[in-house]
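Summary of structural features
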Amino acid sequence: MEQLPDPGFSPGMAARVELTVTDADTAQAVGSGDVPVLGTPRVLALAEAATVAATAVRMPSGLTTVGTRVEIDHKAPTPVGRTVVASARLAKVDGRRLLFEFVVTDGPTTVAEGRVERMLVDRHRFLAKAFQ
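Scope of this entry: the structure provided in the associated data block. (Residues numbered from 1 in each chain as written. Predicted model: local features only at pLDDT ≥ 70, side-chain atom pairs only at ≥ 80, totals over all residues. Heavy atoms only, no water.)

**Some words on the pairing of strand β4 (residues 97-106)**
Summarising the sheet, strand β3 (residues 83-94) and β4 pair through nine bridges and their orientation is antiparallel. Paired with R89 across the bridge in β4 is E101. The turn joining β3 and β4, which pair antiparallel and follow one another in sequence, is formed by two residues; a positive phi near 65° is taken by G95. As defined by bridge partners, β4 adjoins strand β5 (residues 109-122) across 10 bridges and the pair is classed as antiparallel. (Pairing = 2+ DSSP bridges. Helix = DSSP H or I, 4+ residues; strand = E, 2+ residues; numbered from the N terminus.)

Spelled out as structure tokens, the structure:
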């Protein structure tokens, strides 16, 4: 297993990102359904963006994280024009494995919640494997 520098990530690191839903974000547009509301793949992408943002400030040069596992409960529809907020918090650090908990809200409504697991990797080695 590769040895990576310890970036000092600790539980509690958090970030939030926002998205104003457009036609391009709907289930119809992304192919995940036939209704004109925020599609689950876009909800997940927003949640992952929040997890990336949570570690970005402390990410050492040459390292990155990649998504390895997701659990999501998409609980409520969000129409075009509404703004949703994804908040992610680092819940557990296990070596290179980072487990985040997230919630996506539309005002007081919980749109989705779940967990995202990411793995800390050497960017160069990871890309070299991908393009062999």
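**What to know about the side chain of T64**
Structurally, the position occupied by T64 is in strand β2 (residues 63-74). Excluding residues that lie within four positions of it along the chain, T64 makes contacts with M59, M119, L120, V121 and R123. (Contact = heavy atoms within 4.5 Å.)

**Concerning the environment of A29**
Assignment of secondary structure puts A29 in helix α1 (residues 27-30). For A29 and A53, which are 24 residues apart along the polypeptide, the C-alpha to C-alpha distance reads 26 Å.

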